[in-house]
Amino acid sequence: MKVLAVALAVAAVGVTAGAQTRVQQSPAQSPDTMMGEELYAAYLVSGPAVLSKAFPTNQRYEDFRINFRDRVFEGWGHTAPVFSRAMFMFDVSLAAQPRGYVYWADFFQLGQTYLIKRLERSAPVPARIGTDPEMDAFELQWNKTAISFLAGRRQPDLLDTLARPLIEGRIIPASSAGRPGLVDPWIVLLEGFVEEGYVIEDPTLITDRGNAAIKAYEKAAGFESTRAEAIVRIARLLLDSKRPSEALAALDRFDEAWTSEGVLIYWARLLRGKTLAALDRPDQAIRAYESALDIVLSAQSPRIGIMAIEAKRGRAPMAEAISRDVRTAIDPVNDPWWIYAHGSMRFFLKWEKELRAMASK
Amino acid sequence: MMLRFCAVITLTAAALAAPAASQQMPQFRTGVDIVQLNVAVTEKTRVISDLVAADFEVLDNGVRQEVVSVSREALPIDVMMALDTSESVVQWVQNAIVSAANRIRERLKPADRFSLVTFNQRIHERIALLPASQASAISLGRPTGQTSLNDVIATVLAARPAVDRRQLAIVFSDGFDTTSLLEEDDVLEVARRSQTAMFFVSGQQYGHRVLRSWSTTPNGGLALSTTLSPGDPNRTGIAFMNRIAAATGGVVQVTQLTNMTIRYGGTTIMRPQNNLLDAPFIKALDDFRTSYVVNYQLAGVPRPGWHEVTVRVKRQGGNRYTIRTRNGYTGG
């Protein structure tokens with residue numbers, strides 16, 4: 001955090017001298033009374049830590065938000081984009097997160113708008129894409145990180161709101177050669193996350209949203225970096241659509257060599273167990289669940305899957321023994337199944353680190 | 001008809017030696033299939049407590065069965081409590097849950113036993129099955145995480161009662177499943193083979209969906225408008241709870257969990273009611289305890305597969321009674 005604070009302070013040199021002067025003029029001012037430029041200036045000096053004390057109440061946050069939007073944000077939109085400003089909006093969102101999504105999500109949206117606006121300042125928009133590869137990369141990383149955070153909240157409509165500009169191609173990263181990149185495979189995957197997110201929250205949407213998700217994931221399956229996750233998620237959606245034979249066929253396409261991510265391999269094995277159970281192939285299902293346990297020895301879900309199979313085929317003592325094992329397990333390792341519904345949330349910390357590294361340059 | 005508890009048990013003479021508590025319990029031949037039902041009989045709010053074996057008529061897949069024994073309040077009870085500690089459970093509701101669990105413990109008889117499982121996404125046994133007097137103090141920890149309701153129901157139902165005891169599970173949840181591996185139909189399969197009666201206490205749910213609409217304001221912020229979809233009972237966790245209760249012979253009780261509010265000089269005071277859940281929990285225990293254990297010898301019906309169960313009381317005036325037992329079971 002100290003490194004970040006220093007980096008942000010360095011990045012701010014020459015940009016916020018006026019604001020810093022104001023801070024110096026009122027040294028006793030507490031972060032929870034600072035408005036727009038003042039808090040931004042303090043942020044540049046002290047880093048995100050200053051925001052942790054800035055919003056002690058909902059009302060205070062609301063006052064700050066309205067003031068910022070009315071008095072600061074428009075002005076920022078008329079100057080060249082600055083990483084630190086986008087990071088400020090990002091960090092305000094994180095700091096305000098305990099206040100509830102209605103509050104903090106707004107700052108993610110403001111940050112995204114701020115970054116998008118650079119494309120709109122001069123027409124035609126496509127001509128701007130790729131003219132600043134560094135900014136393109138930052139913008140994409142900013143959005144990926146913000147969206148991965150939102151994914152943890154299971155608010156599909158909110159995720160949709162922030163993801164849609166990426167999905168519709170308004171943010172297209174440049175290639176390293178400075179030319180416009182065709183697409184980031186993760187964005188294709190993101191479209192599936194959005195659609196699947198609706199289904200997870202409301203299973204009655206499996207037909208419309210589910211098929212849209214499968215379509216997006218099929219596109220993502222065409223890219224090396226996203227095919228493993230795309231295939232797993234296609235299988236899950238097919239299984240939820242009561243199409244277990246097709247789900248199994250999808251899982252048969254999955255090659256564990258495609259990924260080094262244990263979570264994906266675990267999901268694939270777990271879903272294979274669930275799919276085989278649905279196809280009334282209990283012995284094979286149990287073997288698949290056991291193979292999931294090879295990845296995460298203490299995971300709860302494969303045990304429960306085996307327990308249900310044993311109960312269903314009348315092996316009550318075996319089911320009871322597994323039930324006891326589940327209830328009394330003390331291993332604190334988390335079951336990766338529990339984050340399945342959260343899309344790319346598992347990348348948040350990694351992506352946040354990358355984002356801050358970019359911002360510090 | 002609400003339904004109650006049964007199990008296909010291949011009883012042995014040795015296994016039956018223990019429950020001497022019931023003077024009506026007959027001797028059984030080794031290898032005979034005995035089906036055990038929990039049957040609650042009431043007339044309005046009055047529990048009918050004087051029935052004997054000859055008063056019951058049991059149909060298994062439509063075939064009349066011989067009732068070989070009936071007992072009531074003879075066998076000790078094992079109570080398994082499964083309590084939701086996910087994020088949605090606010091602190092004062094959790095206080096009410098702890099209060100209710102303590103009331104249950106206090107009402108148990110010396111021979112009864114008590115265990116406690118909590119669940120969010122993780123299922124965790126906090127108190128192993130013990131006589132209530134030996135169980136440690138109930139502490140649930142801070143509400144956090146998601147809800148593996150399906151998985152915990154299956155896990156609890158897979159735990160079999162000891163041969164000489166009856167087993168009651170009381171599940172509290174204020175919501176619906178978010179993280180389980182198992183689907184509702186998977187859990188129902190387990191329930192139909194279980195020997196545990198599962199009662200539920202839940203907060204009121206209406207099956208609304210929150211329809212949020214986000215729009216972008218002129219300067220780039222978010223504006224939120226929220227509406228509710230029409231209520232749909234099939235979209236609530238309660239609909240699922242009812243299916244499980246019917247399959248195991250339990251009951252679902254729905255309690256209004258919102259705080260009592262008092263208008264006081266124009267100010268609304270939220271006043272938590274820490275004993276709000278005591279009554280439904282106690283009712284579940286009392287309801288189970290006072291039900292009959294009806295045993296019949298399975299005859300004229302193949303053992304494997306689904307068995308639909310119907311119970312009637314033949315006594316004069318019995319048609320006025322409300323009879324609750326499980327709706328059937330899956331034989332092995």
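Calculation notes
Residues numbered from 1 in each chain as written. Chains lettered and ligands numbered in written order. Predicted model: local features only at pLDDT ≥ 70, side-chain atom pairs only at ≥ 80, totals over all residues. Helix = DSSP H or I, 4+ residues; strand = E, 2+ residues; numbered from the N terminus. Buried ≥ 20, exposed ≤ 12 C-beta atoms within 10 Å, placed from the backbone. Contact = placed C-beta atoms within 7 Å. Nonpolar A, V, L, I, M, F, W, Y, C, P; charged D, E, K, R; others polar. Expected span 1.5 Å × (residues − 1). Domains from an automatic or database assignment. Axes fitted to C-alpha atoms, helices over the stretch in contact; angles between N-to-C directions. Parallel < 35°, antiparallel > 145°, perpendicular 65-115°, else oblique. Left-handed = near helix turned anticlockwise from the far one by under 90°. Pairing = 2+ DSSP bridges. pLDDT = per-residue confidence, 0-100.

**Examining the overall build of chain B**
Then comes step 1: The secondary structure content of chain B amounts to six helices and 19 strands.
Then comes step 2: By residue count, 44% of the 332 residues in chain B fall in the buried class.
Then comes step 3: Sequence separation of 24 or more characterises 79% of the internal contacts of chain B that already satisfy a separation of 6 or more.

**Some points on the interface of chain A and chain B**
Then comes step 1: Contact residues are listed per partner, giving 34 residues for chain A and 29 residues for chain B.
Then comes step 2: Broken down by secondary-structure element, the contributors of at least two residues to the side of chain A that touches chain B are α4 (58-76), α6 (101-120), α9 (156-167), α16 (300-312) and α17 (316-328) of chain A.
Then comes step 3: Within the side of chain A that touches chain B, the residues separate by chemical class into 15 nonpolar, nine polar and 10 charged.

**Considerations on α4 of chain A**
Side chains three or four residues apart in an α-helix point the same way, a direct result of the helix having 3.6 residues per turn.
Then comes step 1: Its 19 residues give α4 of chain A an end-to-end C-alpha distance of 25 Å, which sits within 8% of 27 Å, the value for a rise of 1.5 Å per residue.
Then comes step 2: When α4 of chain A is considered as a whole, its buried residues turn out to be Y61, F64, R65, F68, V72, F73 and W76 of chain A.

**Here we look at the environment of A101 of chain B**
Residue and element names in this part refer to chain B.
Then comes step 1: Relative to the elements of secondary structure, A101 occurs in helix α2 (residues 91-107).
Then comes step 2: In this structure A101 comes out as buried when scored by C-beta crowding, with 24 C-beta atoms within 10 Å.
Then comes step 3: Sequence separation of A101 and I282 is 181 residues, and the distance between their C-alpha atoms is 9.0 Å.
Then comes step 4: When sequence neighbours within four positions are dropped, the list of residues in contact with A101 reads M81, L83, L116 and I138.

**Examining the environment of M307 of chain A**
Then comes step 1: Following the sequence through the fold, M307 of chain A ends up in helix α16.
Then comes step 2: For M307 of chain A and W76 of chain A, which are 231 residues apart along the polypeptide, the C-alpha to C-alpha distance reads 58 Å.
Then comes step 3: Not counting the four nearest positions on each side in its chain, M307 of chain A is found in contact with A319, I322, S323 and V326 of chain A together with A154, T155 and A158 of chain B.

**Let's talk about the domain arrangement of chain B**
Residues and elements named next belong to chain B.
Then comes step 1: We note that the domain assignment places domain 1 (6-73 + 290-331) and domain 2 (77-288) within chain B.
Then comes step 2: Counting residues at the interface gives 17 residues for domain 1 and 14 residues for domain 2.
Then comes step 3: Elements with a contribution of two residues or more to the side of domain 1 that touches domain 2: β1 (6-11), β2 (32-43) and β19 (328-331).
Then comes step 4: Counting residues per element, the side of domain 1 that touches domain 2 draws most heavily on β19, which supplies three residues.

**As for the packing of α16 of chain A against helix α4 (residues 184-193) of chain B**
Then comes step 1: Axis separation between α16 of chain A and α4 of chain B bottoms out at 9 Å; the angle between their running directions is 45 degrees. Between α16 of chain A and α4 of chain B, the crossing angle belongs to the class labelled oblique. Considering only the axes of α16 of chain A and α4 of chain B, their crossing is left-handed. Counting all contacts with α16 of chain A, which are made through A308, A311 and K312 of chain A, the residues of α4 of chain B involved are D186, E189, V190 and R193 of chain B.
Then comes step 2: For the contact of α16 of chain A with α4 of chain B, a count of residues per class yields three nonpolar, no polar and four charged.

**With respect to the sheet that holds strand β6 (residues 77-84) of chain B**
Residues and elements named next belong to chain B.
Then comes step 1: Judged by pairing direction, the sheet is mixed, and its six strands sit side by side in the order β8-β7-β6-β9-β10-β13 without closing on themselves. Looking at which strands have only one partner, the edges of the open sheet turn out to be β8 (123-131) and β13 (252-255). In this sheet, neighbouring strand axes are inclined to one another by 15 degrees on average, regardless of whether the strands run parallel or antiparallel.
Then comes step 2: Direction of pairing for strand β7 (residues 113-119) relative to β8: antiparallel, over a ladder of six bridges. If you follow T118 over to β8, its bridge partner there is H124.

**Side note on the confidence of the model for chain A**
All names here are of chain A.
Then comes step 1: The share of residues in chain A with pLDDT of 70 or more is 84%, and the mean pLDDT across the chain is 83.
Then comes step 2: The model gives residues 1-25 a pLDDT under 50, and that stretch makes 38 contacts with residues more than four places away or in other chains.
Then comes step 3: In the predicted structure, residues 122-127 sits below a pLDDT of 50 and forms three contacts with residues beyond four places in sequence or in another chain.

**Some remarks on the environment of R289 of chain B**
All names here are of chain B.
Then comes step 1: Relative to the helices and strands, R289 resides in helix α6 (residues 278-289).
Then comes step 2: The exposure class assigned to R289 is partly exposed, which follows from the 18 C-beta atoms found within 10 Å.
Then comes step 3: Taking the C-alpha atoms as reference points, R289 and P76, separated by 213 residues in sequence, lie 8.9 Å from one another.
Then comes step 4: Leaving out residues up to four positions away in the same chain, R289 has contacts with E73 and I77.

**A look at α9 of chain A**
All names here are of chain A.
Then comes step 1: For α9, with 12 residues, the first-to-last C-alpha span of 14 Å runs short of the 16 Å given by 1.5 Å per residue.
Then comes step 2: Those residues of α9 not exposed but buried are P156, L158, L159, T161, L162, A163 and L166.
Then comes step 3: Downstream of α9 by one or two residues, G169 has phi in the positive range, about 85 degrees.

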